[in-house]
Amino acid sequence: APPGLYRGQVSVAAGDHKATLPVELTVDPFTLPDERHLSVTNWFRVSNIANSHQVEPWSEPFWKILGRYAENMAAHRHNVVYTPWTLIDITRAADGKLSCDYARFDRFVELFEQAGAADRIEITHVAHFGPGGWSGKEIVFRKVTATDEATGNSLTLGPEEGLAPLLTDLVRHLAERGWLEKSMIHVADEPSINNIESWRDASAFVHEAAPGLRRIDAIETIDFAGALEVWVPKLSHLDRWRDAYEARRADNELWYYICCHPYGSVYPNRFLDYPTSCVRVLHWINFAADLEGYLHWGLNFWGDDPFGTPPDRLPPGDTHVIYPGSQGP
């Protein structure tokens, strides 16, 4: 609307009673710029896109549909692309040396760049919880799958022979493409006081293999000094341990995240049964607290029926905020 002062009135009638109130609205001479100052990521699952639209993963129809999702993300100022490192095809030669084919990885990043949704590249987790899950003490590296050059058979490689050389070559490739400065990689999701020691060991392994690649994780405790460049505490933990996180601000980026927690009347979230003000205020928090980014896990983690009953343990609005349409989201 053209800037200026607009006047009108609101009239309310209830039975024989009527009331009218004047209303004034000022439209400021300001247009939201294309430039982004906030990193926003909502994790998404490419297999859900393929399944819902009944297209073969990585086929040309799939890439076309994926492009529409990228455009939707960009239109809603989602500017960090959650990029699976498993898009890299790996072959092992007879001497044990790995060669990496980045064709799918590059096309994926380029597609989101073209849509305007890849100011940052967020590479997926290389490790996960071991026995005991979140409450356990151990962080375990994911296996790397490679194709044996001589036989064509699939091989499963441990961290030293698989992940370490892969990460080293990935840094080389990102630098070659001019992407290294805007790239980040996850170690393991939501480390806590239960497994921080094992997580730090895993983070050191990643840093040794890929020293130029920034590390990012959603975190559930505070002892990450020297082991993490992008700190993403849960909103309630950011509030509770604010001084500890603020003390690391000079050396690291500080974001926040929400998921199925926190809930209740103290903190905002994006659940469907919350007042819309709770959703609107989320990025006001980014601005007021000078936090550089926002992370949520669920863009499209719907179940078999995206429009069906939400799972019992996850509130509606947590698993996904977009739905599959006939030609895209």
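Criteria and cut-off values
- Residues numbered from 1 in each chain as written.
- Predicted model: local features only at pLDDT ≥ 70, side-chain atom pairs only at ≥ 80, totals over all residues.
- Heavy atoms only, no water.
- Helix = DSSP H or I, 4+ residues; strand = E, 2+ residues; numbered from the N terminus.
- Buried < 20%, exposed > 50% of the residue type's maximum accessible area, 1.4 Å probe, protein only.
- Contact = heavy atoms within 4.5 Å.
- Areas by Shrake-Rupley, 256 points an atom, 1.4 Å probe, with all protein chains shown as cover.
- Salt bridge = Lys/Arg side-chain N within 4 Å of Asp/Glu carboxyl O.
- Axes fitted to C-alpha atoms, helices over the stretch in contact; angles between N-to-C directions.
- Parallel < 35°, antiparallel > 145°, perpendicular 65-115°, else oblique.
- Left-handed = near helix turned anticlockwise from the far one by under 90°.
- Nonpolar A, V, L, I, M, F, W, Y, C, P; charged D, E, K, R; others polar.
- Phe/Tyr/Trp six-rings, centres within 6.5 Å; stacked < 30°, edge-to-face > 60°.
- Expected span 1.5 Å × (residues − 1).
- Disulfide = S-S within 2.5 Å.
- Pairing = 2+ DSSP bridges.

S.K.: Describe the overall build of the chain, listing the residues and the values that go with them.
M.R.: Each helix and strand counted, the chain has 9 helices and 16 strands in total. Each of the three principal axes of the chain carries a C-alpha extent, and together these read 90 × 50 × 40 Å. Burial statistics for the chain: of 329 residues in total, 47% are counted as buried. Sequence separation of at least 24 residues holds for 62% of the intrachain contacts in the chain that already meet a minimum separation of 6. Of the roughly 17,400 Å² of accessible surface on the chain, 52% is carried by carbon and sulfur atoms.

S.K.: Can you explain helix α1 (residues 46–53)? Please cite residues and give values.
M.R.: Here α1 has its buried residues at Val-46, Asn-48, Ile-49, Ala-50 and His-53. Just downstream of α1, Gln-54 is the residue with a positive phi angle, here 55 degrees.

S.K.: If you had to explain the pattern of salt bridges to someone new, which residues and values would you point to?
M.R.: For the structure shown, the criterion picks out 18 salt bridges. Among the ionic pairs, Arg-120 bridges to Glu-253, the shortest N-O distance being 2.8 Å. With a gap of 133 residues between them, Arg-120 in strand β7 (residues 120–123) and Glu-253 in strand β15 (residues 253–258) connect regions that are remote in the sequence. Given a relative accessible area of 14%, Arg-120 falls into the buried group. On the basis of relative accessible area, Glu-253 is assigned to the buried category, the value being 9%. A salt bridge links Glu-176 to Arg-172; the shortest N-O distance between them is 3.3 Å. Taken together, the residues span about one helical turn, with Glu-176 and Arg-172 both in helix α4 (residues 159–177) at a distance of 4 residues. Note on Arg-172: relative accessible area 38%, which makes it partly exposed. Several salt bridges share partner residues, and in doing so they unite Arg-242, Glu-246, Arg-249 and Asp-290 into one network.

S.K.: Residue-level account of the packing of helix α2 (residues 60–75) against helix α3 (residues 103–115), with values.
M.R.: Relative to each other, α2 and α3 sit at 40 degrees, their axes nearing to 8 Å. With respect to their mutual orientation, α2 and α3 come out oblique. Crossing of α2 against α3: the hand is right-handed. Mapping the contact onto sequence places Glu-60, Trp-63, Leu-66, Gly-67, Ala-70, Glu-71, Met-73 and Ala-74 in α2 and Arg-104, Arg-107, Phe-108, Leu-111, Phe-112 and Ala-115 in α3. When grouped by side-chain class, the residues that make up the contact of α2 with α3 number 9 nonpolar, 1 polar and 4 charged.

S.K.: Outline the packing of aromatic side chains, supporting the account with residue identities and numerical values.
M.R.: Taken as a whole, this structure holds 17 aromatic pairs when the rule is applied. Centroid distance Trp-43 to Tyr-82: 4.9 Å. Interplanar angle 10 degrees. Geometry classified as stacked. Taken as a pair, Trp-43 in the loop between β3 (39–42) and α1 and Tyr-82 in strand β4 (residues 80–83) lie far apart in primary sequence, 39 residues in all. Comparing Trp-43 with Tyr-82, the two get one shared label, buried.

S.K.: Any chance you could break down α4 for me, citing the residues and the numbers?
M.R.: Within an α-helix, residues lying three or four positions from one another point in the same direction, as the helix has 3.6 residues per turn. Between its first and last C-alpha, α4 extends 25 Å over 19 residues, near the 27 Å set by a 1.5 Å rise per residue. Burial in α4 covers these residues: Gly-162, Leu-163, Ala-164, Leu-166, Leu-167, Leu-170, Val-171, His-173 and Leu-174. Looking one or two residues beyond α4, the residue adopting positive phi is Gly-178, at roughly 75 degrees.

S.K.: Please provide a residue-by-residue account of the state of the cysteines, values included.
M.R.: For the coordinates displayed, the defined rule picks out 0 disulfides. Summary of cysteine pairing: Cys-259 is not part of a disulfide, and the nearest cysteine sulfur, belonging to Cys-260, is at 4.3 Å.

S.K.: So, the packing of α1 against α2: which residues are in play, and what are the values?
M.R.: The interhelical angle for the contact between α1 and α2, taken along N-to-C directions, is 115 degrees, at an axis separation of 10 Å. Handedness of the crossing formed by α1 with α2: right-handed. Counted together, Val-46, Ile-49, Ala-50 and His-53 of α1 and Phe-62, Ile-65, Leu-66 and Tyr-69 of α2 form the full contact between these two elements.

S.K.: Tell me what's going on with the pairing of strand β11 (residues 154–157), and back it up with residues and numbers.
M.R.: The alternating pattern of β11 places Leu-155 and Leu-157 on a buried face, while none of Ser-154 and Thr-156, on the opposite face, is buried. Direction of pairing for strand β10 (residues 144–148) relative to β11: antiparallel, over a ladder of 4 bridges. Looking across to β11, one finds that Ala-146 is bridged to Leu-155. Count of turn residues in the β10/β11 antiparallel hairpin: 5 residues, of which Gly-152 carries a positive phi of about 80 degrees.

S.K.: Outline the sheet that holds strand β12 (residues 183–186), listing residues and values.
M.R.: Spatially, 8 strands are ordered β3-β16-β15-β14-β13-β12-β7-β4 in an open sheet, and the strand pairing comes out parallel. The open sheet has two edge strands with one neighbour each: β3 and β4. Here the average twist between neighbouring strands, direction ignored, is 25 degrees. α3 contacts β4 and β7 of the sheet and is inclined by roughly 160 degrees relative to β4.

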